[in-house]
Amino acid sequence: PPMGARLPEPTEGPGACKVWEIKTLGRADDERARDMLEKTAWQVQPIMRKRGWKVQELCEMKPEQRDRVGDNLNMGQRVRLKLRKNNSGDWFDYEHVVLVMLHELCHNDIGPHNAKFFKLLDEITVECEELMAKGIGGSGAGFDAKGQRLG
């Protein structure tokens, strides 16, 4: 446990533009699911900061959900990502999960899958690939608890 009082998290400004809470399904390999969601949230944080996007809850989606691999409720109130292909231990690749996260983040600004949506998705996908190539995530500025360079 941290010693001393912690400053409250900012609710406005760039420091607030991130994933606030992560929820897994509590199934077998739950730690792997939490790690994947935390790593995904860390990876997209610079993109979220740049655009002023927040996600209140990032949740693991049940593998039984057949019609989608992600969704975004109320422009970032809750984003769900499917991590497991099934209940037999088959998982989606991390890169796939990040791409789905980017798609869902676009819905923070744009509801329909129109030309504007896909233009934004293409833009942030390029940004994310550049960040990943450099091993940058988190706040992208200074020290983050979860923001150590990877690699």
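Preceding this paragraph is the structure being described.
Residues numbered from 1 in each chain as written. Predicted model: local features only at pLDDT ≥ 70, side-chain atom pairs only at ≥ 80, totals over all residues. Heavy atoms only, no water.

Caption draft 1: Quick look at unusual backbone geometry. Even without being glycine, Asp-29 reaches a positive phi, approximately 65 degrees. The residue Asp-29 is located in the loop between strand E1 (19–23) and helix H1 (30–51) in this model. Look at Met-75: it is not a glycine, yet its phi comes out positive at around 55 degrees. Mapped onto the fold, Met-75 is located in the loop between strand E3 (70–73) and strand E4 (78–82). Overall, the relative accessible area of 53% leaves Met-75 in the exposed class. (Helix = DSSP H or I, 4+ residues; strand = E, 2+ residues; numbered from the N terminus. Buried < 20%, exposed > 50% of the residue type's maximum accessible area, 1.4 Å probe, protein only.)

Caption draft 2: Looking closely at the nonpolar core. With 32 residues, the main nonpolar core has Val-19, Val-55, Leu-58, Leu-81, Leu-83, Met-101 and Leu-102 as its most contacted residues. Every element with two or more residues in this core is listed here: E1, H1, strand E2 (55–61), E4, helix H2 (94–106) and helix H3 (115–134). Tallying contributions element by element places H2 first for this core, with eight residues. Excluding residues within four positions of it along the chain, Val-55 makes contact with Lys-18, Val-19, Trp-20, Met-48, Gly-76, Val-79, Met-101, Leu-105 and Asn-108. (Core = buried A, V, L, I, M, F, W, Y, C linked by side-chain atoms within 4.5 Å. Contact = heavy atoms within 4.5 Å.)

Caption draft 3: Spatial organisation of the packing of H1 against H2. The interhelical angle for the contact between H1 and H2, taken along N-to-C directions, is 45 degrees, at an axis separation of 10 Å. In this view, H1 runs oblique relative to H2, as classed from their interaxial angle. Two packed elements cross with a definite hand, and for H1 against H2 that hand is right-handed. Residues Met-36, Lys-39, Thr-40, Gln-43, Val-44, Ile-47 and Met-48 of H1 lie in contact with H2, whose contacting residues are Tyr-94, Val-97, Val-98, Met-101, Leu-102 and Leu-105. Taken together, the residues of the contact of H1 with H2 break down into ten nonpolar, two polar and one charged. (Axes fitted to C-alpha atoms, helices over the stretch in contact; angles between N-to-C directions. Parallel < 35°, antiparallel > 145°, perpendicular 65-115°, else oblique. Left-handed = near helix turned anticlockwise from the far one by under 90°. Nonpolar A, V, L, I, M, F, W, Y, C, P; charged D, E, K, R; others polar.)

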